[in-house]
Amino acid sequence: MYFHGTSKVNARGHLEIGGLDTVELAEQFGTPLYVYDVALIRERARGFKQTFENLGVTAQVAYASKAFSSIGMVQLVDEEGLSLDVVSGGELYTAIAAKFPVERIHFHGNNKSKEELEMALKYKIGCIVVDNFYELELLESVCESMDTNTKILLRVTPGVEAHTHEYITTGQADSKFGFDLQNGQAEKALTIALASSRMEVLGLHCHIGSQIFETAGFLIAAQKIFEKLNEWKESLAFESEVLNLGGGFGIRYTNEDQPLPAAQYVAEIIEEVQKQVEKYAMNMPEIWIEPGRSLVGDAGTTLYKVGSRKEVPNIRQYVAVDGGMSDNIRPALYQAKYEAVLANRALETTCETVSIAGKCCESGDMLIWDIPLPKPGSDDLLAVFCTGAYGYAMANNYNRIPRPPVVFVENGQAKLVVKRETYEDLIRMDLSIKEKINN
Ligand SMILES: Cc1ncc(COP(=O)(O)O)c(C=O)c1O
């Protein structure tokens, strides 16, 4: 079994994270429960930052808060001196509530509303990543009406799509995001933005995919961007102060995944940008990146209580837990794979392969299809690893199941950072048809 960060088996044969026995955590906070290994998040954050520092490159490492956003998480990101990427008014609101330094917030999204742009401008956030022509026009008019200015990056689609070990280069990227680099959209957008007295164009942004285990896609994206930057140096007298190459650095969910160390992604990106800068005699831009999954993914573990069991003879043993697609929709949505252990019997030898089912009324609500475990019985505690990214963030109330709490563990201390939802929370927004609606 592969243990991430501070996870290990203690003398009682229990899974321990952050110096705490997960069986005791489950007793104290109930199940399902998301547990985050804070030391591992800090280690990952420092790893990214340190690589840029060691190589003497000015950079911003922005945590993509879509992976997991909460006030406590945003505060932790601030403690580690990272920047923050938000993609909605809600994520921005969370950052503001956490008192995150506004100048280090970047706002993404392919359909930001007028209200969201107004909010970003009101708080004078660091930059807005403009995604399309509609937004360019809207932002201009919102700036006018608020009599203010903003820094922007233009999101471009360089025609590279990367996922795991594969990347494809397409002449015309079929994506809902960004200005196409090849068909003239990006140049047109840059021309409009440069002519605006309300926007200061810091540079370009791209994000080529997720769970990427190779650096080639990032390097090709950088090459394609520099080809265009070279043209625009002459034609538009534009030099990019910032080049943001997005996130997508892969992590290990199962032994099928072999990610590179963070330092390698960063070092190879820097080397390529330096090469391009030399080739075209340009100034070195600041390099920004936006890791989400690779900062928090393997730091998260979900604890579930085992309940019912169903045997389909000669076919499958279903073992059901007290959560499922309501707290982790990734297996149902992306066929994502996970590893797990029985946290209260972590030293026992595995003796059967079972399928972990969720409790939602949906046949597709399976967390893991095949996992070897010691024969799980009801009330055993199942720990599913690597649920820190897009777990709580994508959690939902399907079947009116309350969302689980989130606890941070570090150095033998547990800190509740998101409370468990209650049944009252579930009906908080409901209105009765028996009462008069006041509005
Ligand atoms: C623009 C952008 N930046 C960063 C990320 C974070 O990606 P990951 O969590 O794979 O690092 C995403 C994910 O969708 C994204 O769309």
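Conventions and cut-offs
Residue positions are counted from 1 within each chain, in the order its sequence is given. Local features in this predicted model are restricted to residues whose pLDDT is 70 or higher, and side-chain atom pairs enter the listing and the counts only when it is 80 or higher, whereas totals over whole chains, interfaces and linings include all residues. Helical segments are the DSSP runs of H or I of at least four residues, strand segments are the runs of E of at least two, and each set is numbered from the N terminus. Field definition: a residue is buried when 20 or more other C-beta atoms are found within 10 Å of its C-beta, exposed when 12 or fewer are, and partly exposed for counts in between, with C-beta atoms placed from the backbone. The contact criterion used is a C-beta to C-beta distance within 7 Å, with each C-beta placed from the backbone. Being near a molecule or strand means, for a residue, that its backbone-placed C-beta atom lies within 6 Å of it. Charged residues are taken to be Asp, Glu, Lys and Arg, nonpolar residues to be Ala, Val, Leu, Ile, Met, Phe, Trp, Tyr, Cys and Pro, and polar residues to be all remaining types, Gly included. Strand pairing follows a simple DSSP-based rule, namely that at least 2 bridges must link the two strands. UniProt positions are given in the numbering used here, feature names are shortened, and annotations may be inferred rather than shown by experiment. The start and end points of each domain follow an automatic or database-based domain assignment. Fitted lines through C-alpha atoms give the axes, limited to the stretch in contact for helices. The angle between two N-to-C directions lies from 0 to 180 degrees. Reported orientations rely on four angle classes, namely roughly parallel under 35 degrees, roughly antiparallel over 145, roughly perpendicular from 65 to 115, and oblique for the rest. By the definition used in this description, the sense in which the near helix is turned from the far one sets the handedness, with an anticlockwise turn below a right angle giving left-handed and a clockwise turn giving right-handed. It is the directions from the helix axis to the C-beta atoms that the arc portrays. Residues enter a nonpolar core if they are buried, belong to Ala, Val, Leu, Ile, Met, Phe, Trp, Tyr or Cys, and are joined to the set through C-beta atoms within 7 Å. A right-handed crossover is one whose linking path, passing over the helix from the first strand to the second, runs clockwise when the strands point away from the viewer. A helix's residues, less one, multiplied by 1.5 Å, set its expected span.

When you go through the protein residue by residue, the secondary structure sums to 12 helices and 24 strands. For the protein, the C-alpha atoms occupy an extent of roughly 70 × 60 × 40 Å along the three principal directions. By residue count, 46% of the 439 residues in the protein fall in the buried class. Restricting to contacts in the protein with at least 6 residues of sequence separation, those with at least 24 account for 68%.

The environment of the ligand is made up of 16 residues, and the closest members are Ala64, His207, Gly247, Gly292 and Arg293. Of the residues that constitute the shell around the ligand, the class distribution is five nonpolar, eight polar and three charged.

All right, on to the sheet that holds strand E1 (residues 8-9) then. If you walk across this open sheet you meet the three strands as E1-E2-E3, and the pairing is antiparallel. This sheet does not close on itself; its edge strands, each paired only once, are E1 and strand E3 (20-21). Of the strand pairs in this sheet, strand E2 (residues 15-17) and E3 are connected by two bridges, and their pairing is antiparallel. Across the sheet, the residue bridging to glutamate 16 is aspartate 21, located in E3.

Listed under "modified residue: N6-(pyridoxal phosphate)lysine" (unreviewed entry) in the UniProt record, and renumbered for this structure, are Lys66. Relative to the helices and strands, lysine 66 is located in the loop between strand E5 (59-64) and helix H3 (71-79). With 21 C-beta atoms counted inside 10 Å, the residue lysine 66 sits in the buried group.

Partitioning the protein into structural domains gives domain 1 (8-37 + 297-426) and domain 2 (108-291). Placing a centre on the C-alpha atoms of domain 1 and another on those of domain 2 gives a separation of 36 Å. The interface is formed by seven residues belonging to domain 1 together with five residues belonging to domain 2. Residue classes in the side of domain 1 that touches domain 2 are distributed as three nonpolar, one polar and three charged.

This brings us to the packing of helix H2 (residues 38-54) against helix H9 (residues 262-279). Axis separation between H2 and H9 bottoms out at 9 Å; the angle between their running directions is 30 degrees. Looking at the two axes, H2 sits roughly parallel to H9. The chirality of how H2 crosses H9 is right-handed. Every residue of H9 that contacts H2 at Arg44, Gly47, Phe48, Thr51 and Phe52 is listed here: Ala262, Ala263, Val266 and Ala267. Residues belonging to the contact of H2 with H9 are distributed by class as follows: six nonpolar, two polar and one charged.

So, about helix H7 (residues 185-195). Side chains of residues three or four places apart in an α-helix project in the same direction, reflecting 3.6 residues per turn. Inspection of H7 places Ala186, Ala189, Leu190 and Ala193 among the buried residues, and these make up the whole buried set. Down the axis of H7, the smallest arc covering the buried residues is 100 degrees, so these residues share one side. Residues of H7 that are buried in the fold lie against helix H6 (133-146), strand E9 (150-157), strand E12 (179-180), strand E13 (199-205) and helix H8 (216-235).

What follows concerns the nonpolar core. If you look at the biggest cluster of nonpolar residues, it comprises 124 residues, and the most contacted ones within it are Leu154 and Leu382. Top element by residues in this core is H8. It accounts for seven residues. Of the residues that make up this core, three or more belong to each of domain 1 (8-37 + 297-426) and domain 2 (108-291). The contact partners of leucine 154, leaving out residues within four places of it in the chain, are Val130, Phe179, Ala186, Ala189, Leu190, Ala193, Val201, Leu204 and His205.

The next thing to look at is the pairing of strand E8 (residues 127-130). Note on strand geometry: in a regular strand, side chains alternate between the two faces of the sheet. Side chains of E8 alternate between two faces, with Cys127 and Val129 and Ile128 and Val130 buried alike. Two strands pair when backbone bridges link them, and strand E7 (residues 105-107) and E8 are joined in this way by two bridges, in the parallel orientation. The residue of E8 that forms the bridge with phenylalanine 107 is isoleucine 128. A crossover connection joins E7 to the parallel E8 through helix H5 (residues 114-122); in handedness this β-α-β unit is right-handed. Each parallel crossover has a hand, and for E8 linked through H6 to E9 it is right-handed.

Relative to the 26 Å expected for 18 residues at 1.5 Å per residue, H9 spans 26 Å between its end C-alpha atoms, a close match to the ideal helical length. Those residues of H9 that fall on the buried side of the exposure criterion are Ala262, Tyr265, Val266, Ile269, Val273 and Gln276. Angular distribution of buried residues about the axis of H9 spans 95 degrees; they occupy a single face of the element. Of the residues in H9, the exposed ones pointing more than 90 degrees away from the buried face are Glu278 and Lys279. Against H2, H8, strand E15 (242-244), strand E16 (286-289) and helix H10 (293-296) lie the buried residues of H9. Looking at the residues trailing H9, positive phi occurs at alanine 281, about 50 degrees.

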